[in-house]
Amino acid sequence: MAYKSRNVYMISGGLTKFRKYNYDEDFRLNVKNAVDYALRDIKMDIGDIDGSVSAYFSDHFLGQLIAGAMTNDYIGMSGKPSKRIEGGGATGGLAFQTAYEEIASGNMETCLVYGFENMSHVNTWRGNDLIALGSDSNFDYPLGGFYTAYYALMATRHMHEFGTTERQMALVSVKNHNNALHNPFAQAPMKINVDDVLNSPVVSTPLKMLDICLMSDGAAAAILASEDAAKSFSDKPVLIKSIGASSDTMRLADRTFGDVPLLPNETKNDYKNLKYPGVHSFKAGRLAAKMAYERAGIKNPEKEVDFAELYDAYTSAEIQAYEDMGFCRYGDGGKFIEEGRPNIDGDIPVNMEGGLQASGHAIGATGIMQAVYAFWQLQGNISRHFGNNNLQVKNHNTGIIHSHAGTGAYETVTVMEAV
Amino acid sequence: MDRYTRVMKTDPLVKEFDYNIEYIHSYAQDSKFFTSLGMGILLGSECKKCNYRYGTYRKYCMFCGSETDDINLPLTGKIHSFTTCYYSGENFINETPYTLILVEFEGIDSLFMSRLVNKENKNVYIGMPVRAKFRRLQKFDVNDVYFVPA
Ligand SMILES: [Zn+2]
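Under an unreviewed UniProt entry, chain B has the name Nucleotide-binding protein and belongs to Acidiplasma aeolicum.

As recorded in an unreviewed UniProt entry, chain A goes by Acetyl-CoA acetyltransferase and comes from Acidiplasma aeolicum.

Structure, rendered in structure tokens:
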């Protein structure tokens with residue numbers, strides 16, 4: 001595939017605190033707060049931005065269509081080009097890549113991408129039902145209307161295929177909730193241990209309450225710029241080195257049984273008897289990573305990626321993502337967490353700020369939230385934004401952000417680099 | 001809309017906004033799958049060009065785009081994966097706990113998602129033989145077929 005474009009930089013980011021309920025500020029004000037944070041941080045004016053991309057997942061949560069346009073005028077972007085991107089849980093990740101394309105193509109010099117969701121406007125079980133409308137409404141939704149069940153089917157098979165355990169999954173929850181203790185933007189910081197997770201109510205076997213992400217109200221914003229614009233507005237821009245994306249069948253039942261698309265640090269012999277992806281792995285995640293790595297010139301992600309913001313809607317999904325991203329071989333994801341490798345002091349820290357599990361999952365905002373965290377990490381600025389330096393990773397030259405829609409129907413991987 | 005107004009909070013002002021949609025849901029090209037369930041037939045699809053046999057009905061092949069042929073799936077299979085749900089989306093919460101399975105069929109390349117009805121949702125395992133059963137009174141949704149231990 002031909003791939004040549006202008007360099008794209010991220011020059012600022014902003015967030016609101018993610019919360020279970022925020023009835024005091026609506027989605028427009030949430031976005032405004034996130035955008036103002038980003039503008040303040042770099043001393044830019046909203047008039048300096050050429051256009052915007054808005055990201056929100058569901059029209060059902062608010063009962064409001066074209067909410068992106070409503071937000072756009074609220075933040076002072078009226079008159080500028082703007083579009084909405086939607087793609088399930090990957091909404092924010094896709095919108096971030098769309099903003100990248102606006103700059104890479106030369107269409108804009110500066111682009112604002114913002115995401116939001118106010119999920120508290122429906123009750124939790126209605127919310128689950130609405131999310132499940134993001135599965136085939138002929139064949140999947142009427143079976144139970146529950147996304148957790150689909151991920152649980154995948155987790156069960158991952159355990160069968162590779163011997164992954166519920167205890168290993170619990171370790172992911174412990175890591176992410178404990179990390180969030182140091183993140184003032186996080187919704188659910190919790191000092192918990194493995195037993196707390198294992199003893200939390202079973203939702204959909206093998207997944208328990210503390211294996212599952214939150215529903216949130218919140219917003220996130222990122223400002224992207226061309227090289228010239230980055231130089232004039234920022235003294236510490238972060239290079240968006242490459243973007244990768246892929247897709248897979250919406251229905252889990254349609255997944256194929258073939259060969260693993262290999263990364264340069266793997267060989268065919270690694271997976272002699274593995275039928276891939278089946279329902280144990282996310283092929284779209286692997287293909288998105290492969291594309292992003294190839295474009296970034298990354299030969300060995302295990303060595304070259306310093307940290308990652310992975311899509312941990314479920315603890316099982318974070319373990320699966322270690323493998324999809326090539327941080328370890330397929331089947332070794334459980335061991336990867338057991339050995340502490342994704343911990344804050346491990347060799348590839350993952351979801352240092354709490355991830356979707358504990359920082360929160362305001363769906364449209366999530367992928368952009370990940371970008372903002374990665375941006376602050378790459379700048380070495382975590383202490384400035386969090387008021388403490390506990391979550392700043394030591395090596396912060398190359399980071400990736402990753403998101404899913406559905407059970408991996410769309411996935412995005414973006415490589416970001418300190419300059 | 002002029003039913004009643006339920007105010008939940010006054011500062012900020014929060015009220016109930018009830019917006020219901022009754023969809024006219026057409027199964028369109030998938031109709032035959034659903035009507036066949038009433039005759040005790042579980043349809044899958046086969047692409048003559050790719051020789052790929054689908055465990056979930058679809059009118060067009062996802063590899064080559066050709067129109068597929070209908071095939072009768074075996075009424076017995078094995079559990080490929082499973083989960084028992086103790087919570088669910090709002091419309092199904094009264095049906096919990098229930099067990100969802102992915103079924104693999106001999107000679108068929110892809111899977112079928114369904115409910116497993118068995119005693120207390122217990123003793124389910126990967127590889128467990130299951131057989132299809134059909135609702136006597138059709139409701140014209142995918143639950144018109146379900147599986148039980150074979
Ligand atoms: Zn075909």
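Back to the text.
Draft legend 1. The arrangement of the sheet that holds strand β3 (residues 43–47) of chain B in detail. Residues and elements named next belong to chain B. The sheet built from 3 strands is open, its strands ordered β4-β3-β5 with antiparallel pairing. Each end of this open sheet is capped by a strand with a single partner; those strands are β4 (52–54) and β5 (69–72). Averaged over all neighbouring strand pairs, the angle between strand axes comes to 35°, with direction disregarded. Across 4 bridges, the pairing between β3 and β5 is antiparallel. Its bridge partner being in β5, Glu46 is matched across the sheet by Asp69.

Draft legend 2. Representation of the nonpolar core in the model. Core analysis: the largest hydrophobic core is formed by 88 residues, its most contacted members being Tyr293(A), Phe327(A), Ile400(A), Phe33(B), Leu42(B) and Phe147(B). With 8 residues, helix α5 (residues 147–162) of chain A is the largest single contributor of residues to this core. In this structure Leu42(B) touches Phe33(B), Leu37(B), Ile71(B), Asn72(B), Leu73(B), Pro74(B), Leu75(B), Phe105(B), Phe112(B), Phe134(B), Val145(B) and Phe147(B), once residues within four positions along its chain are discounted.

Draft legend 3. Highlighting the confidence of the model for chain B. Looking at chain B as a whole, the pLDDT averages 95, with 98% of positions reaching at least 70. Scored as a complex, the prediction yields pTM 0.97 and ipTM 0.96.

Draft legend 4. Summary view of the UniProt feature "domain: Thiolase C-terminal" (unreviewed entry) in chain A. Within the UniProt annotation, "domain: Thiolase C-terminal" (unreviewed entry) is assigned to residues 282–417 of chain A. Each end of residues 282–417 of chain A is marked by a C-alpha atom, and these two atoms are 25 Å apart; helix forms 44% of the span and strand 14%.

Draft legend 5. Just the packing of α5(A) against helix α11 (residues 315–324) of chain A, in detail. Residues and elements named next belong to chain A. The interhelical angle for the contact between α5 and α11, taken along N-to-C directions, is 55°, at an axis separation of 10 Å. By the angle between their axes, α5 is oblique relative to α11. When the axes of α5 and α11 are compared, the crossing they make is left-handed. Two secondary-structure elements touch here, α5 through Tyr151, Met154, Ala155, His158 and Phe162 and α11 through Ser316, Ala317, Ile319, Gln320 and Glu323.

Draft legend 6. Region of the structure containing the coordination of the zinc ion. Residue and element names in this part refer to chain B. On the protein side, the zinc ion has Cys47 (SG), Cys50 (SG), Cys61 (SG) and Cys64 (SG) as donor atoms, found 2.2 to 2.4 Å from it. Every donor counted, the 4 donor atoms about the zinc ion form angles of 101 to 114° at the centre, which fits tetrahedral coordination. Within one chain, the residues donating to the zinc ion are spaced in sequence as C-x2-C-x10-C-x2-C. Taken together, the residues Cys50 in the loop between β3 and β4 and Cys61 in the loop between β4 and β5 connect sequence positions 11 residues apart.

Draft legend 7. Representation of the side chain of His385(A) in the model. Residue and element names in this part refer to chain A. Following the sequence through the fold, His385 ends up in helix α15 (residues 382–386). Overall, His385 belongs to the buried group, its relative accessible area being 7%. Side-chain polar atoms of His385 contact the side chain of Trp376, separated by 3.1 Å. His385 has contacts with Tyr37, Asp41, Pro184, Phe185 and Trp376, leaving out every residue within four places of it along the chain.

Draft legend 8. Molecular detail of the UniProt feature "domain: Thiolase N-terminal" (unreviewed entry) in chain A. Taking the numbering used here, the UniProt-annotated feature "domain: Thiolase N-terminal" (unreviewed entry) corresponds to residues 32–228 of chain A. With 40% helix and 17% strand, residues 32–228 of chain A has its two end C-alpha atoms placed 26 Å apart.

Draft legend 9. Quick look at the packing of helix α6 (residues 166–179) of chain A against α11(A). All names here are of chain A. Where α6 meets α11, the axes come as close as 8 Å, and the angle between the chain directions of the two elements is 100°. Comparing their axes, α11 and α6 come out roughly perpendicular. Together, Gln168, Met169, Val172, Ser173, Lys175 and Asn176 of α6 and Thr315, Ser316, Glu318, Ile319 and Tyr322 of α11 make up the contact between the two elements. The class makeup of the residues in the contact of α6 with α11 is 4 nonpolar, 5 polar and 2 charged.

What counts and how
Residues numbered from 1 in each chain as written. Chains lettered and ligands numbered in written order. Predicted model: local features only at pLDDT ≥ 70, side-chain atom pairs only at ≥ 80, totals over all residues. Heavy atoms only, no water. Pairing = 2+ DSSP bridges. Helix = DSSP H or I, 4+ residues; strand = E, 2+ residues; numbered from the N terminus. Axes fitted to C-alpha atoms, helices over the stretch in contact; angles between N-to-C directions. Core = buried A, V, L, I, M, F, W, Y, C linked by side-chain atoms within 4.5 Å. Buried < 20%, exposed > 50% of the residue type's maximum accessible area, 1.4 Å probe, protein only. Contact = heavy atoms within 4.5 Å. pLDDT = per-residue confidence, 0-100. UniProt positions renumbered as here; feature names shortened; annotations may be inferred. Parallel < 35°, antiparallel > 145°, perpendicular 65-115°, else oblique. Left-handed = near helix turned anticlockwise from the far one by under 90°. Donors = N, O, S within 2.8 Å, 3.2 Å for Na, K, Ca; no water. Tetrahedral: all angles 85-135°; square planar, octahedral: opposite > 155°, others 65-115°. Polar contact = N/O pair within 3.5 Å; in protein donor to acceptor, adjacent residues only side chain to side chain. Nonpolar A, V, L, I, M, F, W, Y, C, P; charged D, E, K, R; others polar.

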